[in-house]
There are 4 protein chains.
Amino acid sequence: MYSFKNDYSDGGHPLILQALVETSAFQTEGYGEDRFTAEAVEILKKAMQRQDADIHFLSGGTLTNLTALSAFLRPHEAVISAHSGHIYVHETGSVEATGHKVFPVATEDGKLRPEHIRSVVEEHHFEHMVKPKLVYLSQSTEIGTIYSRREVKALRDICNELNLYMYMDGARLSYALTSTENDLTLPEIAEFFDAFYIGGTKCGALFGEALAIMNEDLKPEFRYIMKQRGGILAKGRLLAIQFLTLFRDGLFFKLGENGNRLAGKLQKGILDLGYKVQFESSTNQIFPIFPENTILELEKKFQFYRWEKLEDNTSSVRLICSWMTGEKYVDEFIRVLGSFSNAD
Amino acid sequence: MYSFKNDYSDGGHPLILQALVETSAFQTEGYGEDRFTAEAVEILKKAMQRQDADIHFLSGGTLTNLTALSAFLRPHEAVISAHSGHIYVHETGSVEATGHKVFPVATEDGKLRPEHIRSVVEEHHFEHMVKPKLVYLSQSTEIGTIYSRREVKALRDICNELNLYMYMDGARLSYALTSTENDLTLPEIAEFFDAFYIGGTKCGALFGEALAIMNEDLKPEFRYIMKQRGGILAKGRLLAIQFLTLFRDGLFFKLGENGNRLAGKLQKGILDLGYKVQFESSTNQIFPIFPENTILELEKKFQFYRWEKLEDNTSSVRLICSWMTGEKYVDEFIRVLGSFSNAD
Amino acid sequence: MYSFKNDYSDGGHPLILQALVETSAFQTEGYGEDRFTAEAVEILKKAMQRQDADIHFLSGGTLTNLTALSAFLRPHEAVISAHSGHIYVHETGSVEATGHKVFPVATEDGKLRPEHIRSVVEEHHFEHMVKPKLVYLSQSTEIGTIYSRREVKALRDICNELNLYMYMDGARLSYALTSTENDLTLPEIAEFFDAFYIGGTKCGALFGEALAIMNEDLKPEFRYIMKQRGGILAKGRLLAIQFLTLFRDGLFFKLGENGNRLAGKLQKGILDLGYKVQFESSTNQIFPIFPENTILELEKKFQFYRWEKLEDNTSSVRLICSWMTGEKYVDEFIRVLGSFSNAD
Amino acid sequence: MYSFKNDYSDGGHPLILQALVETSAFQTEGYGEDRFTAEAVEILKKAMQRQDADIHFLSGGTLTNLTALSAFLRPHEAVISAHSGHIYVHETGSVEATGHKVFPVATEDGKLRPEHIRSVVEEHHFEHMVKPKLVYLSQSTEIGTIYSRREVKALRDICNELNLYMYMDGARLSYALTSTENDLTLPEIAEFFDAFYIGGTKCGALFGEALAIMNEDLKPEFRYIMKQRGGILAKGRLLAIQFLTLFRDGLFFKLGENGNRLAGKLQKGILDLGYKVQFESSTNQIFPIFPENTILELEKKFQFYRWEKLEDNTSSVRLICSWMTGEKYVDEFIRVLGSFSNAD
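All of these numbers come straight from a predicted model, not from anything done at the bench.

Describing the confidence of the model for chain A
And step 1. On average, residues of chain A score 96 in pLDDT, and 99% of them are at 70 or above.
And step 2. With a pTM of 0.97, the predicted complex shows an ipTM of 0.96.

Structure (structure tokens):
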């Protein structure tokens with residue numbers, strides 16, 4: 001049964017596997033001190049047009065987030081996140097486990113706005129409260145929306161004003177950067193954010209994320225903390241080889257486009273059949289609303305997550321198209337859904 | 001230049017890469033809830049003859065150690081380790097970073113003995129001191145030695161008497177289990193230890209360790225803490241597929257034997273040339289002692305770590321043979337070393 | 001200028017100072033292993049009618065909360081608190097600093113209800129989320145309200161159903177227990193809660209809180225963690241002597257009554273002059289609403305905290321009467337306020 | 001039975017109790033924002049001749065140490081301590097509980113030397129190991145010895161060279177400063193150390209320590225972390241009033257002298273009777289060696305701690321004279337001991 005559950009349901013892109021196979025017999029230094037890592041760092045610096053970027057490869061998103069945030073913050077400093085932010089909801093309190101409070105902001109569309117930041121900072125005005133110091137946002141967000149260049153700029157401005165770090169969780173950055181609505185480039189991201197990571201796991205890699213630290217204050221001795229959190233892989237080259245493959249000929253962007261294009265087609269097909277969506281997404285996650293009996297029928301043919309119970313016995317569901325999704329499954333979904341509608 | 005520095009200098013075994021390639025196109029559930037993980041768990045349970053083992057796959061040794069130990073201990077409980085133990089020396093204080101003191105015991109051969117344990121526990125007798133609760137040992141040890149069945153049994157007895165957990169870091173367990181001096185089986189290890197991990201990274205896997213929790217008290221909700229520490233890989237199947245390959249036809253043991261056999265040959269060759277070794281090793285790490293000028297010459301032809309400065313202008317070095325080491329490099333090393341001796 | 005800011009603006013009750021003076025020349029064991037501590041433990045056990053209570057004295061509320069909660073919870077377990085809960089707002093993330101997420105629930109009156117608890121637990125249903133394990137509530141709450149016996153019973157029932165601990169922050173327990181609306185006794189509190197503390201600092205003591213652990217599972221080795229957090233006072237007797245004085249002849253309750261009676265008189269006087277209050281309080285904190293110019297005038301004569309900006313250019317303020325407050329200041333406040341009204 | 005066990009067996013000095021009584025009825029701000037605290041800060045700045053000192057009052061030594069060290073260090077930074085250091089042995093791993101390794105150095109006399117520091121730093125040379133960053137020492141040490149001005153200067157020099165912080169645990173600083181062997185002044189201590197605390201608990205105060213932060217880099221936002229660790233007392237004035245009393249007319253030094261003078265008399269008396277001491281102490285802790293049967297007899301008349309079993313059925317014991325010790329007990333001890341000798 002085909003699954004629209006996730007963008008990590010598949011293995012890795014064939015070119016990535018091929019690269020791992022081809023390089024496997026070479027001896028290298030361990031712990032990311034090898035030539036593949038040096039090359040991958042260079043290719044990423046070039047992609048973000050910043051020779052001063054401090055780049056580290058880690059094996060997963062939660063590990064990257066908790067390592068980076070605990071390295072950047074003093075004990076009393078806290079994180080501001082959307083209520084729907086991955087670190088607030090779905091990482092088992094990993095940031096709190098390193099000692100830092102994560103302060104949630106309720107939002108409709110998963111996106112933080114300058115007034116949220118100002119309000120949280122103003123509320124926390126003295127030493128009996130934590131000190132908000134880092135703004136965490138996801139691009140694309142957990143509900144498929146993206147920040148525009150203007151929106152990110154406005155957040156950067158208030159972070160400058162209030163002396164806050166700005167950090168981006170880019171688990172699905174490939175889909176954000178290749179959305180038809182996107183107007184933000186990777187070099188601009190490198191300008192705006194103090195640190196961010198480029199997600200490999202959800203875009204063709206077997207596993208791996210590339211953390212880029214841009215703010216000079218946050219760079220010193222990061223690898224100590226990375227090792228302390230278990231984040232330095234013995235065969236660090238494995239991560240580098242995957243990112244080299246993703247960025248050498250633009251594979252990363254092509255794979256992102258595939259997910260977006262098919263999710264777009266799927267969403268359009270669903271809307272054309274008269275259904276609605278819960279959130280406006282231009283990336284690879286879509287959130288259509290179906291009646292309960294339609295969902296039950298769909299579940300016989302496809303795997304996907306139910307998202308939220310809504311009124312009138314309907315619910316939203318989450319459908320994800322990935323770098324790997326085949327068009328035929330999208331067509332099939334629309335066809336199956338159409339057959340129910342006809343039957344009504 | 002050939003490197004004897006590490007057993008993680010190479011990529012992965014061809015069969016492992018092949019298995020990853022062959023399974024890559026299959027969709028599965030994420031986070032280790034897939035059928036490959038279920039199969040790998042079964043094959044490991046069978047190998048340890050314990051259907052009740054609670055088995056988890058993580059991507060590296062430091063991450064495994066810190067996740068397990070922080071899950072097992074209450075805040076005031078501490079770890080007893082040999083002074084040379086990997087967690088005490090080489091993991092950037094990762095266990096302390098989770099809040100637990102690691103108490104070091106000086107040993108000659110890297111091995112803890114019952115009297116060490118008793119002495120530490122007796123010293124820590126009241127609430128102004130941490131409470132030693134877990135004995136950490138490595139098999140093989142960081143200097144290539146191994147615990148015999150009798151030695152492990154004696155440690156188990158004192159741990160029972162003093163109500164301590166016993167944990168094994170099995171980063172190099174493949175080499176320990178296949179040492180010619182070994183008399184301890186995997187099922188016996190599963191009997192003696194409360195928890196232990198089987199290292200994949202240093203024995204043919206690209207990456208990955210298999211943690212087995214045997215003590216019922218330590219099993220509940222372990223995956224919560226694993227997720228909190230960033231230890232649940234999104235594509236958990238990657239780890240499972242590698243362990244399936246390692247354990248399906250005994251590959252894990254064959255690879256261990258290769259490292260031991262060649263290290264043994266290398267050590268014998270060195271001894272035959274009249275040199276001495278710092279530690280008696282029967283596994284894949286050996287520690288010969290050379291004069292400074294010999295080391296300088298060897299460094300022109302091979303990579304390896306200097307270990308310790310000794311008297312008379314000599315030093316020990318560490319030479320590692322791995323699952324991947326080719327016999328010709330061993331022969332070459334002996335030949336080169338022999339040529340120096342002749343020249344003297 | 002008289003201050004209605006706090007119930008910790010004064011020193012200690014004369015009887016407490018006298019007791020400290022009288023006992024000062026006696027030598028005792030340190031760290032709470034003295035006879036005064038033994039006596040104080042007995043008198044508190046008697047007051048709560050529970051010989052099995054495990055009682056510890058600490059020097060302040062934040063230290064008590066963070067020590068208790070970090071001792072009771074495993075790393076992935078989280079706390080449920082009202083959004084206005086002291087640990088969530090005003091302890092600089094002290095609980096998160098020990099690694100545990102505090103999950104906030106928005107409430108109107110500062111009180112948690114069973115449906116809140118159920119909802120939070122149902123939301124957190126799997127290992128990618130923290131596991132709610134402890135319900136934290138304050139009695140009286142941070143806005144002066146109190147839980148009735150029926151309300152606490154209902155919370156206990158759902159905690160039993162959902163296997164949660166229930167913990168009470170009793171910084172102002174003296175005022176709760178002596179409220180005219182209270183129907184909950186100290187022995188009942190000892191029945192309902194897994195652990196709670198009786199606040200001394202805000203009720204006549206110089207400093208000190210008495211933590212009572214009732215649940216057997218939470219008692220073992222608590223003093224280790226107390227020492228680890230810096231919570232065992234060298235001269236533990238100082239805390240014990242104060243609690244002995246507070247509980248020997250019911251002083252604790254008399255002092256609570258004083259605060260409540262005067263706060264009630266103050267609130268009635270304010271209401272009689274035609275003003276409103278933001279929250280319905282029956283304890284020693286009241287929250288009247290005044291126009292801005294009235295507040296500015298009052299600030300010339302009295303100290304107090306502004307609480308919240310409301311509509312129509314009014315704000316609520318917080319006025320606290322304590323164990324020490326003299327009636328004349330209350331009368332004076334009403335007189336001054338009345339003079340403004342007359343002037344309008 | 002008179003106790004020589006501790007310097008915290010008594011209550012507080014009469015002048016301190018009197019000051020607390022006299023100021024008790026005054027209302028002040030809470031949390032150390034009161035005028036007594038401001039005054040106490042001034043008097044201490046004057047005593048250390050440093051207007052730039054950042055001074056904080058906390059209620060105990062363990063709490064002071066853990067708060068300071070966790071505020072000063074980044075997550076991967078570690079502490080160097082003598083093996084006998086209080087934080088290493090007797091604070092239940094409180095520093096490790098905040099995430100930092102404490103590295104022990106074996107010493108004969110409880111004192112760190114430059115070569116110890118250099119050796120630890122050289123051993124820890126890369127990111128797989130913690131980074132030593134702070135040198136912790138106690139003055140007087142846990143075995144009664146003191147650092148001379150020259151010794152402290154040498155440690156400061158190496159700390160400068162290796163970019164380390166230097167921190168002094170001054171739980172017994174009063175006894176160190178008034179030792180007949182001392183040549184180090186409080187202003188010099190303020191010059192040499194990045195931070196240190198002046199102990200009140202063991203020198204006449206009921207409780208309380210005064211932490212002085214001298215290094216500008218370590219000052220910002222310290223009170224946030226102090227609050228987070230439960231270290232800001234609600235009635236902060238209590239601590240200030242005690243330090244005001246101790247430092248207004250040199251009481252602190254007079255009390256220290258009393259302990260030293262009597263310990264010196266006690267030690268001389270014991271030596272004159274032909275016994276030996278384990279450590280050379282010039283402060284208020286002495287460590288005579290007695291045969292087992294002598295100890296058993298002494299235990300019938302006095303309380304004290306056994307320290308260490310030595311050869312020939314002898315043990316050392318620890319005898320402490322404090323700010324409060326009466327000369328008659330010292331005379332009595334010598335008389336009793338002398339009577340045994342006569343009886344032999």
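With respect to the interface of chain A and chain B
And step 1. Taken residue by residue, the interface counts 47 residues in chain A and 47 residues in chain B.
And step 2. Between chain A and chain B, roughly 3900 Å² of surface is buried when both sides are summed, and carbon and sulfur atoms account for 53% of that area.
And step 3. The largest share of the area that chain A buries against chain B comes from Tyr8(A), Gln27(A) and Lys235(A), three residues that together contribute 18% of it.
And step 4. Counting across the interface, chain A meets chain B through two salt bridges.
And step 5. The partner of Glu29(A) in a salt bridge is Lys5(B), with the nearest N and O atoms 3.0 Å apart.
And step 6. Counting across the interface, chain A meets chain B through 22 residue pairs in polar contact (both at pLDDT 80 or more).
And step 7. Sorting the residues of the side of chain A that touches chain B by element identifies strand S1 (2-3), helix H1 (14-23), helix H3 (61-72), helix H5 (94-97), helix H10 (222-228) and helix H11 (237-248) of chain A as the ones contributing at least two each.
And step 8. Residue composition of the side of chain A that touches chain B, by class: 21 nonpolar, 18 polar and eight charged.

A look at the interface of chain B and chain D
And step 1. In this assembly, 19 residues from chain B lie in contact with 19 residues from chain D.
And step 2. A combined buried area of about 1600 Å² lies between chain B and chain D, and 55% of that area is made up of carbon and sulfur atoms.
And step 3. If you look at where chain B meets chain D, you find two salt bridges.
And step 4. Note that Lys101(D) and Glu96(B) form a salt bridge whose closest N and O atoms lie 3.6 Å from each other.
And step 5. Across the contact surface, chain B and chain D share eight residue pairs in polar contact (both at pLDDT 80 or more).
And step 6. Elements represented by at least two residues in the side of chain B that touches chain D include exactly helix H4 (86-89), helix H5 (94-97) and strand S4 (102-105) of chain B.
And step 7. Considered class by class, the residues forming the side of chain B that touches chain D number eight nonpolar, seven polar and four charged.

Regarding unusual backbone geometry
When glycine is set aside, most residues are seen to have a negative phi, and most peptide bonds are trans.
And step 1. For the bond from Gln139(C) to Ser140(C), the omega torsion is -10°, close enough to zero to count as cis.
And step 2. Looking at where Ser140(C) falls in the secondary structure, it is placed in the loop between strand S5 (131-138) and helix H7 (149-162).

Here's the deal with the relation of the copies chain B and chain D
And step 1. The two copies are related by a screw operation: chain B maps onto chain D through 180° of rotation and 0.0 Å of translation along the axis, at an RMSD of 0.0 Å. Such a turn and shift between the copies fits a two-fold axis.
And step 2. When you check the interface residues of chain B against chain D, 100% turn up at the interface there too, and the contact is symmetric in its surfaces.

Let's talk about the sheet that holds strand S3 (residues 77-82) of chain D
Residues and elements named next belong to chain D.
And step 1. Strand order in the open sheet formed by seven strands is S2-S8-S7-S6-S5-S3-S4, and the pairing between neighbours is mixed. Single-partner strands in this sheet number two, and they are strand S2 (54-58) and strand S4 (102-105). Along the sheet, successive strands turn relative to each other by an average axial angle of 25°, direction set aside.
And step 2. In the sheet, strand S5 (residues 131-138) pairs with strand S6 (residues 165-170) via five bridges, with the strands oriented parallel.

Some details on the packing of aromatic side chains
And step 1. Per the stated rule, a full pass over the model turns up 74 aromatic pairs over all chains.
And step 2. On the basis of an interplanar angle of 40° and a centroid distance of 5.4 Å, the ring pair of Phe57(A) and Phe243(A) is categorised as tilted. Note that Phe57(A) is positioned in strand S2 (residues 54-58) and Phe243(A) in helix H11, a separation of 186 residues in sequence. Like Phe243(A), Phe57(A) is buried.
And step 3. With 6.4 Å between their ring centres and 5° between their planes, Phe26(B) and Phe36(B) make a pair best called stacked. Placement of Phe26(B) in the loop between helix H1 (14-23) and helix H2 (35-47) and of Phe36(B) in helix H2 is noted, with a sequence separation of ten residues between them.
And step 4. Of the residues examined, Phe36(B) reaches a relative accessible area of 6% and is grouped as buried.
And step 5. Directly above the ring of Tyr147(A) sits Lys111(A), whose terminal nitrogen or CZ lies 5.8 Å from the centroid.
And step 6. Note that Lys5(B) overlies the ring of Tyr305(B), its terminal NZ or CZ placed 5.0 Å from the centroid.

So, the side chain of His13(A)
And step 1. Inspection of the secondary structure assignment puts His13(A) in the loop between S1 and H1.
And step 2. Overall, the relative accessible area of 16% leaves His13(A) in the buried class.

Considering the sheet that holds S4(B)
All names here are of chain B.
And step 1. Judged by pairing direction, the sheet is mixed, and its seven strands sit side by side in the order S2-S8-S7-S6-S5-S3-S4 without closing on themselves. Pairing within the sheet leaves two strands with one partner each, and these edge strands are strand S2 (54-58) and S4. Neighbouring strand axes in the sheet, compared pairwise and without regard to direction, differ in orientation by 25° on average.
And step 2. With five bridges connecting them, S2 and strand S8 (residues 209-213) associate as antiparallel partners. From the neighbouring strand, histidine 56 faces S8, where its bridge partner is leucine 211.
And step 3. Most of the contacts of helix H3 (residues 61-72) go to strand S6 (residues 165-169), to which it runs at about 170°, and overall it touches S2, strand S3 (77-82), strand S5 (131-138), S6, strand S7 (195-199) and S8.
And step 4. Across the sheet, helix H7 (residues 149-162) is in contact with S5 and S6; its angle to S6 comes to roughly 145°.

Rules used in this analysis
- Residues numbered from 1 in each chain as written.
- Chains lettered and ligands numbered in written order.
- Predicted model: local features only at pLDDT ≥ 70, side-chain atom pairs only at ≥ 80, totals over all residues.
- Heavy atoms only, no water.
- pLDDT = per-residue confidence, 0-100.
- Contact = heavy atoms within 4.5 Å.
- Buried area = accessible area lost by both parts, 1.4 Å probe.
- Salt bridge = Lys/Arg side-chain N within 4 Å of Asp/Glu carboxyl O.
- Polar contact = N/O pair within 3.5 Å; in protein donor to acceptor, adjacent residues only side chain to side chain.
- Helix = DSSP H or I, 4+ residues; strand = E, 2+ residues; numbered from the N terminus.
- Nonpolar A, V, L, I, M, F, W, Y, C, P; charged D, E, K, R; others polar.
- Least-squares fit on C-alpha atoms with pLDDT ≥ 70 in both.
- Pairing = 2+ DSSP bridges.
- Axes fitted to C-alpha atoms, helices over the stretch in contact; angles between N-to-C directions.
- Phe/Tyr/Trp six-rings, centres within 6.5 Å; stacked < 30°, edge-to-face > 60°.
- Buried < 20%, exposed > 50% of the residue type's maximum accessible area, 1.4 Å probe, protein only.
- Lys NZ or Arg CZ within 6 Å of the ring centre and 35° of its normal.

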